[in-house]
Amino acid sequence: MYAKVIVDVPAKQTNRAFDYFIPEKLREWVMVGSRVGVPFGPRKLQGFVVGLQDHVDYDPAKVKPIAEVMDLYPPLTPDLVELASWISNTYLCHEITALQAMIPGALKAKYERHVKISDTMAGKRNDEKHTIGQHSMLLPVQDEIISYVREKGSVEIETLLQKFAADGGSVKQLMLEGTLVEVQLIKDRMATKKILTVIPHEEPSQLLEWAEQLPGRSAKQKEVLQYFAERPYPIKLSELLNELSISASTVKGLADKGWLDIQEVEVFRDPYAERYFRRTEPLPLMPEQQQVFDRISQAVLDVRHQVFLLQGVTGSGKTEVYLQSIQTCLDQGREAIVLVPEISLTPQMVERFKGRFGNLVAVLHSRLSPGERYDEWRKIMLKQVSVVIGARSAIFAPFTRIGLIIIDEEHESSYKQEESPKYHARDVAVARAGQHQAVVVLGSATPSLESMYGTMRKNSDRALEQMSTATGNSYTAAAKSDSAARGSITAATTSQAAWSGTIQQQAAPFELLTMNNRVEGRPLPRVHIIDMREELREGNRSMFSRSLYKAIEERLHKKEQIVLLLNRRGYSTFVMCRTCGYVAQCPHCDISLTYHQSSRAIRCHYCGYAEREVTVCPSCTSEHIRHFGTGTQRVEEELSKLFPGIRVIRMDVDTTTEKGSHEKWLTMFGNRQADLLLGTQMVAKGLDFPHVTLVGALAADTVLNLPDFRAAERTFQLLTQVAGRAGRHELPGEVYVQTYAPEHYSIISASRHDYNSFKDKEMTLRKFHEYPPFHRLILITLSHEQIPLLMRTAEALAARLKELAQSLAPLPIEILGPVASPIARIKDRYRFQCMIKYRGEASISGLVQQAVASFEDVERQHKLTISIDVDPQVLM
DNA sequence: CGCGGACATTTG
DNA sequence: AAATGTCCGCGC
């Protein structure tokens with residue numbers, strides 16, 4: 001038997017499976033999805049088994065055997081292995097990168113090089129091999145080295161060289177002559193957690209009998225035995241020591257007598273272990289909820305792959321529909337995945353799921369320690385849970401019988417991973433659900449236009465899809481003849497041009513479900529648009545309009561709570577000299593530095609460069625230097641000035657980095673220990689506090705001014721979300737939106753809670769300007785330290801893309817650029833970008849791959865990098 | 001002729 | 001990615 005293995009080297013040349021022989025004794029253990037250690041050239045590497053076969057069609061003598069299997073159970077399921085291949089084809093990344101993204105960081109390989117005593121030397125005296133006659137040829141230090149290694153069994157080379165720093169040569173010599181041999185080890189970053197546990201050997205009666213036998217001075221040992229006679233065991237050693245206030249030696253004494261056992265037991269680090277979740281029962285559904293639930297649960301029961309787009313206004317009870325749909329899925333013996341944006345994965349959210357499904361739920365989010373994360377993941381793998389709730393990467397939960405995948409707040413851009421693999425969890429979810437004949441529910445109050453477009457595609461589009469598949473094939477042919485002509489592109493590249501697995505490349509139309517009413521018929525809050533230009537004209541230069549000021553004052557008086565949103569993006573806190581106009585810039589990036597009050601430093605967002613706060617202008621030595629823009633810190637200061645005694649909780653990157661701090665602030669606010677919650681985006685998501693009756697957006701339109709075609713969509717979504725925070729309970733809510741663009745359709749539609757009019761307007765504009773969802777984008781960014789080479793290469797790449805696109809005519813593919821990226825330099829590297837705009841039905845990943853492949857030499861020779869982003873969310 | 005360094009090749 | 005192989009210029 002042979003295994004196809006993808007090795008742990010993310011490079012173009014190694015981006016294919018290598019064959020390995022499976023030795024007889026490993027045959028039971030090697031499966032598709034196994035993690036294995038394999039010899040690769042002179043090295044030993046970790047790899048993933050992606051296929052099994054019983055012969056190779058070349059000289060089998062070339063095939064090396066698998067050295068080891070890393071896990072008791074394969075960490076990946078076969079469907080995930082296929083999905084990784086699909087991801088690498090769709091998002092143009094190395095297959096190993098996709099595979100690595102699917103397992104927790106704790107399982108990422110750590111390579112260690114050790115030395116040990118060679119087998120031929122193992123049983124001998126140190127000097128046996130090194131004697132002539134009576135005389136040892138070993139230097140004393142070499143003798144010492146050998147003894148040291150012999151004692152330890154094996155020693156990491158680094159450690160050994162450090163210990164015998166002055167005698168590196170001796171170590172080398174011993175290795176050269178074969179006394180010491182190198183062993184390459186592959187270790188996990190993180191081991192499973194083990195604790196010491198105490199277990200008695202006999203029944204209570206026997207324990208008491210033994211206790212009697214003990215001499216009087218062994219009072220403590222006696223106590224331990226009596227303890228076990230009465231209590232359930234096993235018990236943690238540490239707990240036992242605590243409880244009886246005894247030392248470990250007491251227990252050890254009993255263990256030495258053979259009366260009890262101290263064992264290492266594997267435990268799960270459970271971040272929610274200390275918490276009690278009150279069990280909840282399904283709530284009665286409103287008619288709308290019931291209809292939606294019926295559609296979803298019917299599809300689940302039918303085991304039919306179907307994508308639903310659930311558009312429900314804030315407060316319409318989407319979560320209850322999710323919960324009951326999941327119940328249907330569980331009742332069927334299948335598993336469910338719930339994706340939630342990182343910042344809305346709040347304790348409140350977790351509580352709702354743990355409350356309903358108890359310890360059947362695993363939770364995965366980035367604030368867990370690597371160990372906790374690994375343990376939650378293992379619960380999934382070991383089938384101890386059937387529901388996982390988590391951020392983006394939870395879509396890779398190693399379940400085997402998925403019935404339902406829910407993506408809450410599906411419009412959130414955080415579902416797109418910005419590093420390789422640059423996948424979109426929503427699209428991966430649809431692909432994965434297809435593998436399992438599972439149902440997908442995309443839930444949002446403000447669906448993304450991409451998902452909306454999915455519901456608009458009619459069956460007539462199916463014909464188009466089939467046509468495109470055909471065109472895709474003809475492209476492959478075209479690429480082949482092209483490569484033959486040039487003789488420069490390998491067959492492997494061409495064969496990767498089109499996905500040929502079993503995952504559907506084009507999804508079937510989505511079904512739209514809507515919920516327009518809030519639970520218990522509570523009205524949506526009234527939204528006031530405030531024209532800040534008007535305020536300025538009338539002499540109000542503060543960041544609060546007069547009406548918002550009054551509204552805040554009123555709530556403080558009535559002891560109701562307030563949420564204030566400051567949209568920080570585009571509202572940077574840059575440092576500027578008011579005399580000469582100097583702005584502090586990062587020396588390595590084309591971006592201004594932002595001011596951080598907590599550390600009294602100015603810092604670059606992109607490369608982390610930081611310097612001390614400046615009080616004197618470095619350019620003109622003026623002292624009129626100040627930080628501009630309205631950071632949350634400044635708003636907080638302003639609030640305490642305007643409303644003395646106001647209790648403000650500020651939530652932003654500065655105050656929520658510490659583990660659990662996010663949770664702490666929200667609990668405080670929920671307990672009404674503060675009057676006002678001030679924050680960035682993170683206060684807009686999913687929070688639900690009964691006493692919040694006022695929500696203010698201080699600068700609603702900052703996003704609007706960004707050079708991004710999704711600016712209006714983002715603005716609309718944010719305002720709708722934040723407005724949904726008010727008046728969710730008995731007290732009615734009110735929303736104030738401050739803006740310099742009060743006539744903009746995104747702001748007007750949001751203030752009227754009118755998704756449809758926004759969507760219609762935006763769709764028309766997108767279609768007119770040939771933007772997504774009607775056209776799709778691929779962003780190619782090139783970076784290098786020098787502009788001339790960069791420009792030349794970017795232009796050559798664009799030309800090559802155009803040339804290749806020609807062969808696809810008449811399919812509409814447009815190559816835009818190259819132009820300098822919006823952030824033209826990061827970490828001392830200049831950046832240029834090309835944009836490919838094409839109609840969704842064209843399959844062009846192969847084309848891009850091929851074009852980029854012809855610049856491999858430049859990439860290698862000049863250390864130029866080319867990165868590809870399929871369906872980019874942020875155009876920077 | 002032997003050496004070091006740049007560069008290309010290979011990894012099953 | 002990293003180890004190995006190849007080639008070339010250089011000093012002797």
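Nothing here was measured: the structure is a model prediction, and the numbers come from that model. (Residues numbered from 1 in each chain as written. Chains lettered and ligands numbered in written order. Predicted model: local features only at pLDDT ≥ 70, side-chain atom pairs only at ≥ 80, totals over all residues. Heavy atoms only, no water.)

(A) Quick peek at the overall build of chain A. Regarding its fold elements, chain A presents 27 helices and 36 strands. Over its C-alpha atoms, taken along the principal directions, chain A stretches across nearly 105 × 85 × 75 Å. The long-range fraction of contacts in chain A, counting pairs at least 24 apart against all pairs at least 6 apart in sequence, stands at 75%. When the accessible surface of chain A is split by element, carbon and sulfur atoms take 51% of a total near 40,200 Å². (Helix = DSSP H or I, 4+ residues; strand = E, 2+ residues; numbered from the N terminus. Contact = heavy atoms within 4.5 Å. Areas by Shrake-Rupley, 256 points an atom, 1.4 Å probe, with all protein chains shown as cover.)

(B) A look at a nonpolar patch on the surface. Together, Trp29, Leu72, Tyr73 and Leu382 line one region of the surface with nonpolar side chains, adding up to about 420 Å² of accessible area. Tracing the backbone through its elements, the reader meets Leu72 in the loop between strand S6 (68-69) and helix H1 (78-90). Exposure remark for Leu72: the relative accessible area of 56% places this residue in the exposed category. (Patch = residues over 30% accessible without salt bridge, like charges linked within 9 Å, V, L, I, M, F, W, Y side chains within 5 Å. Salt bridge = Lys/Arg side-chain N within 4 Å of Asp/Glu carboxyl O. Buried < 20%, exposed > 50% of the residue type's maximum accessible area, 1.4 Å probe, protein only.)

(C) How the structure looks around the protein's contact with DNA strand C. Close to DNA strand C lie Val9, Pro10, Ala11, Gln13, Thr14, Pro42, Arg43 and Arg113. Note that a phosphate oxygen of DNA strand C is positioned 2.9 Å from one of the backbone N or O atoms of Pro10. For DNA strand C, a phosphate oxygen lies 3.2 Å from a polar atom in the side chain of Arg113. (Near = heavy atom within 4 Å. Polar contact = N/O pair within 3.5 Å; in protein donor to acceptor, adjacent residues only side chain to side chain.)

(D) Structural context of the packing of aromatic side chains. Scanning all chains against the criterion turns up 11 aromatic pairs. Where Trp86 meets Tyr91, the ring centres are 6.2 Å apart and the plane angle is 85°; that geometry is what we call edge-to-face. By the burial criterion, Trp86 is buried, and Tyr91 matches it. Each ring, one from Tyr374 and one from Trp377, has its centre 6.3 Å from the other, and the planes form 25°; the classification is stacked. Separated by three residues within a single helix, Tyr374 and Trp377 lie in helix H13 (residues 370-381), roughly one turn from each other. The pair Tyr374 / Trp377 is uniform in exposure class, with both members buried. Site record: aromatic cluster; members linked through ring pairs are Phe716, Tyr745, Tyr755 and Phe758. Cation over ring: Arg16 sits above Phe18, and NZ or CZ is 4.1 Å from the ring centre. When the ring centre of Tyr771 is taken as origin, the NZ or CZ atom of Lys837, which lies over that ring, is 4.8 Å away. (Phe/Tyr/Trp six-rings, centres within 6.5 Å; stacked < 30°, edge-to-face > 60°. Lys NZ or Arg CZ within 6 Å of the ring centre and 35° of its normal.)

(E) Representation of the UniProt feature "binding site: Zn(2+) 1" (unreviewed entry) in chain A in the model. Those places that UniProt annotates as "binding site: Zn(2+) 1" (unreviewed entry) correspond, in this numbering, to Cys577, Cys580, Cys617 and Cys620. Judged by maximum C-alpha separation, these annotated positions cover 44 residues in sequence but sit close together in space, the widest gap being only 8.6 Å. When you line up the elements, Cys580 lands in the loop between strand S24 (575-577) and strand S25 (594-596). Excluding anything up to four places from it in sequence, Cys580 contacts Cys617, Ser619 and Cys620. Topologically, Cys620 is positioned in the loop between strand S27 (610-612) and strand S28 (625-627). Discounting residues that sit within four places of it in the chain, Cys620 has contacts with Cys577, Thr579 and Cys580. (UniProt positions renumbered as here; feature names shortened; annotations may be inferred.)

(F) Structural context of the sheet that holds strand S32 (residues 734-739). Taken in spatial order, the six strands line up as S22-S32-S31-S23-S30-S29 in an open sheet, and their pairing is parallel. Each having just a single partner strand, strand S22 (526-531) and strand S29 (648-651) make up the two edges of the open sheet. Each strand of the sheet is rotated relative to its neighbour by a mean of 15°, with strand direction disregarded. Its contacts with the sheet place helix H19 (residues 546-558) against S22, strand S23 (561-565), strand S31 (692-697) and S32, and it is angled at close to 155° to S31. (Pairing = 2+ DSSP bridges. Axes fitted to C-alpha atoms, helices over the stretch in contact; angles between N-to-C directions.)

(G) Inspection of the environment of Ile343 at higher detail. Considering the arrangement of structural elements, one finds Ile343 in the loop between strand S16 (335-339) and helix H12 (347-357). Measuring from C-alpha to C-alpha, the distance between Ile343 and Gln681 comes to 8.8 Å, with 338 residues separating the pair along the chain.

(H) Representation of the side chain of Lys318. Inspection of the secondary structure puts Lys318 in helix H11 (residues 318-331). For the buried Lys318, no salt bridge is present, and the opposite-charge side chain at shortest range is Asp408, 5.6 Å distant. (Lys, Arg positive; Asp, Glu negative; His and termini not counted.)

(I) Structural view of the packing of H11 against H12. Running from amino to carboxyl end, H11 crosses H12 at an angle of 35°, the nearest separation of the two axes being 11 Å. Remark: the crossing between H11 and H12 carries right-handed chirality. Side by side, H11 and H12 meet where Thr319, Glu320, Leu323, Gln324, Ile326, Gln327 and Leu330 of the first sit next to Arg352, Phe353, Arg356 and Phe357 of the second. Partitioned by chemical class, the residues of the contact of H11 with H12 number five nonpolar, three polar and three charged. (Left-handed = near helix turned anticlockwise from the far one by under 90°. Nonpolar A, V, L, I, M, F, W, Y, C, P; charged D, E, K, R; others polar.)

(J) Quick peek at the protein's contact with DNA strand B. Taken together, Gln13, Thr14, Phe18, Asp19, Tyr20, Pro39, Phe40, Gly41, Tyr58, Lys62, Val63 and Lys64 make up the full set of residues near DNA strand B. Sugar plus phosphate, as a fraction of atoms of DNA strand B within 4 Å of the protein: 46%. For DNA strand B, a base nitrogen lies 2.7 Å from a polar atom in the side chain of Tyr58. A distance of 2.5 Å is found between a phosphate oxygen of DNA strand B and a side-chain nitrogen or oxygen belonging to Lys64. Breaking the surface near DNA strand B down by element, the ones donating at least two residues are strand S2 (18-21) and strand S3 (35-40). The dominant element in the surface near DNA strand B, judged by the number of residues it contributes, is S2, at three residues. Tallied by class, residues from the surface near DNA strand B come to six nonpolar, three polar and three charged.

(K) Quick peek at the nonpolar core. Ranked by size, the top nonpolar core spans 119 residues in total, and within it Leu83, Ile87, Ile780, Ile836 and Val848 carry the most contacts. When neighbours within four sequence positions are excluded, Leu83 is seen to be in contact with Met102, Phe396, Val428, Ala431, Arg432, Gln435 and Ile503. Ranked by size, the runner-up nonpolar core spans 34 residues in total, among them Ala336, Leu345, Phe357 and Val387. (Core = buried A, V, L, I, M, F, W, Y, C linked by side-chain atoms within 4.5 Å.)

(L) Seen up close, the sheet that holds strand S26 (residues 601-603). Taking strand neighbours across the sheet as the criterion, the three strands line up as S25-S26-S27 in an open arrangement whose pairing is antiparallel. Only two strands of the sheet have a single neighbouring strand rather than two, namely S25 and S27. Going across the sheet, the axis of each strand differs from the next one's by a mean of 30°, ignoring polarity. Strand direction decides the pairing type here: S26 and S27, joined by three bridges, are antiparallel. Within the sheet, the bridge partner assigned to Ile602 lies in S27 and is Glu611.

(M) Representation of H1 within the structure. For H1, built from 13 residues, the straight-helix expectation of 18 Å at 1.5 Å per residue is met to within 8% by its first-to-last C-alpha distance of 18 Å. Taken across its 13 residues, H1 has 11 buried, putting it largely inside the fold. Taken residue by residue, H1 has Asp79, Leu80, Val81, Leu83, Ala84, Ser85, Trp86, Ile87, Ser88, Asn89 and Thr90 as its buried positions. At its buried positions, H1 is contacted by strand S4 (43-53), helix H2 (95-101), helix H14 (425-436), helix H26 (845-853) and strand S36 (865-870). (Expected span 1.5 Å × (residues − 1).)

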